[in-house]
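# Notes for the structure review
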Amino acid sequence: MSRKVNISVDNLPDTLRGQIHGVESAIDNESLALFTDNKDVRVSIENAAHGLRAYSNTFNHYDLWGRFVRSGHKKLPVEEAPKKTIVTRKISEKVDGILYDGEIKITPAVVSTRKDGEDVEYLVWPSDREEKVERALIRLASKGKIVKINFKSGIQYAVVFSMNELAQELKAVGQSMPYPQIKESLEALQGSKLSFKYSATDTRNSDIDDSFYESNMNFLSSLHFSGKKGQGGNVKCVACLNAFVHNMIDNLEYKGYYFNSAQELKRGLSRWMMLRLYHLWRYAAPGKTYHFRLLSIMEKYGSIYSTDEITENKLKALRRDMTTTMKDLIEKGAISEYNITNVKDDKTGNIIDYTYEMHPSDQFCDEILTLNKHNKRIEIQGGKRIVENAVLIDEDKIEEIVED
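Residues numbered from 1 in each chain as written. Predicted model: local features only at pLDDT ≥ 70, side-chain atom pairs only at ≥ 80, totals over all residues. Heavy atoms only, no water.

As annotated in an unreviewed UniProt entry, the protein chain carries the name Replication protein A and comes from Pseudoalteromonas shioyasakiensis.

### Some thoughts on unusual backbone geometry
For the record, the criterion: Comment: elements are numbered from the N terminus, with helices defined as DSSP H or I runs of at least four residues and strands as E runs of at least two. To sort residues, take the accessible area from a 1.4 Å probe on protein chains only and compare it with the maximum for the residue type: under 20% means buried, over 50% means exposed, and anything in between is partly exposed.
Positive phi is not limited to glycine here, since Asp 96 has a value of about 50°. Inspection of the secondary structure assignment puts Asp 96 in the loop between strand S4 (87-95) and strand S5 (98-107). On the basis of relative accessibility, which here comes to 44%, the residue Asp 96 falls in the partly exposed class. Of note, the phi angle at Leu 252 is positive, near 60°, even though the residue is not glycine. Relative to the assigned elements, Leu 252 resides in the loop between helix H6 (243-250) and strand S14 (254-258).

### Here we look at the sheet that holds strand S10 (residues 193-202)
Our working definition: Between any two strands, pairing holds if DSSP finds at least two bridges. Every angle, taken between N-to-C directions, lies between 0 and 180 degrees, and every axis is a line fitted to C-alpha atoms, over only the stretch in contact when it is a helix.
What the 4 strands build is an open sheet, ordered S4-S5-S10-S11; its pairing is antiparallel. Edge strands, defined here as strands with exactly one partner in the open sheet, are S4 and strand S11 (211-218). Going from strand to strand, the sheet's axes swing by 15° on average, the running direction of each strand aside. Bridge count for S4 against S5 is 9 bridges, and the pairing is antiparallel. Bridge pairing links Ser 92 to Asp 101 in S5.

### Comments concerning the pairing of strand S13 (residues 236-241)
Sheet faces and side chains relate simply in a regular strand, where the side chains alternate between the two faces. By the criterion of burial, S13 is predominantly enclosed, with 5 of the 6 residues buried. Here strand S9 (residues 154-162) runs beside S13; their pairing, made up of 5 bridges, is antiparallel. In the sheet register, Ser 162 faces S13, and the bridge partner there is Lys 236. Where strand S12 (residues 220-226) meets S13, 6 bridges bridge the pair, whose relative direction is antiparallel.

### Some remarks on the sheet that holds strand S1 (residues 20-25)
Just so we agree on the cut-off: Between two residues, a contact is recorded if the distance between any of their heavy atoms is within 4.5 Å.
Read from one edge of the open sheet, 5 strands run S1-S8-S9-S13-S12, paired in antiparallel fashion. Either end of the sheet is taken by a strand with one partner, and the two such strands are S1 and S12. Pairs of neighbouring strands in the sheet enclose a mean axial angle of 25°, with direction left out of account. Its contacts with the sheet put helix H4 (residues 163-172) on S9, S12 and S13, and the angle it makes with S9 is roughly 75°. Here H6 sits on the sheet in contact with strand S8 (146-151), S9 and S13, set at roughly 95° to S9.

### A short note on the packing of aromatic side chains
Quick reminder of the rule: Only centres within 6.5 Å qualify two rings of Phe, Tyr or Trp (six-membered ring in Trp) as a pair; their planes then separate them into stacked at under 30 degrees, edge-to-face at over 60, and tilted for everything else.
If you walk through the whole model with that rule in mind, you get 21 aromatic pairs. Note on Phe 196 and Phe 244: the rings are 5.0 Å apart at their centroids and 70° apart in plane angle, and the pair reads as edge-to-face. Here Phe 196 is found in strand S10, whereas its partner Phe 244 is found in helix H6, with 48 residues between them in sequence. Of the two residues, Phe 196 and Phe 244, both sit in the buried class.

### Some words on the packing of helix H9 (residues 294-301) against helix H10 (residues 312-332)
Test applied: Working definition: roughly parallel below 35 degrees, roughly antiparallel above 145 degrees, roughly perpendicular at 65 to 115 degrees, and oblique for all remaining angles. All residues other than Ala, Val, Leu, Ile, Met, Phe, Trp, Tyr, Cys, Pro, Asp, Glu, Lys and Arg, Gly among them, are scored as polar; the first ten of these are nonpolar and the last four charged.
Interaxial distance between H9 and H10 falls to 11 Å at its minimum, and their mutual angle equals 75°. Between H9 and H10, the angle is such that the two are roughly perpendicular. The residues of H10 that touch H9, namely those facing Leu 294, Leu 295, Ile 297 and Met 298, are Leu 315, Leu 318, Arg 319, Asp 321 and Met 322. Per-class residue counts for the contact of H9 with H10 are 7 nonpolar, no polar and 2 charged.

Rendered as structure tokens:
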């Protein structure tokens, strides 16, 4: 397991030093210590040569929202910008008994790139490339490359890394990128804006009033680089996480998953579905299934919009995409099989949608069991989970509790 960084103000780029009072690493900060705690998710003894499984964290409802652009313009010269640059999507997710319903808006970043000796400005929408980089960035944070920075203006969590470290995380799952592309992706994440408003309804308790939220922020709050010319992969980077992610870390609103299993898949839809299964299928067990409607899941992913006209040919194309993803998930060992049921229009009898039923593999059930035990232990340590007949618990006793 990578050692957690122990960093001081002197280690940070010059652009940060004058703005801050101090820095805490995951060694010193309780919230970050829990976020980077992955010692209980090791491979079995027969696979010990592989060391620690590639563990990372996924944020509860935030990572399920369609925050990335799957189709349409992803990078355009500013002068070729369409009249409408902001992408709007619906939010509708139920996580841990809470129903999130609303909308999200994605505003592209303006990124400058050197071309033919001149600086050219482009509009860059956060797409599959930026999603890969963001996942790798959170993987580094989960390994301990995260700190709490006490700015004069307030506290922020930041990932501290080198370009080479981020490139290696991408390479490890077959997503190698040259340094300029990685840097542009980071700049696109920092420059792209998220605007969202949604209600949160507790479906388990009707006595609790709905909560309403509305926020505007960037994917990354700020970005800083330092180094010398020609350093390439040795360039040091500090990526400050946005306030929403910061709060989710403090409130333990994240779950563990196996980074390699999800990110090694070649297709964006397959990676997204795998992460979704890790996130939502927390009761996966032999005999239990997971259902979804094709059009609904494709809208959540971002392939279509609720206002789109879904022709027969479009529906067939979407089904082909999902068929390939189902094959990917079977080959990856996440599911053992799946079934499809036609959904027909009552009046015409035409097929208008499909319902999918997925069966978990024994391997996936074992992984979920391990991740659930780990998550339960983290919640106990963080005080989020109340233990019956609460007593003072030694760290040695925690393993006995999570085994129950």
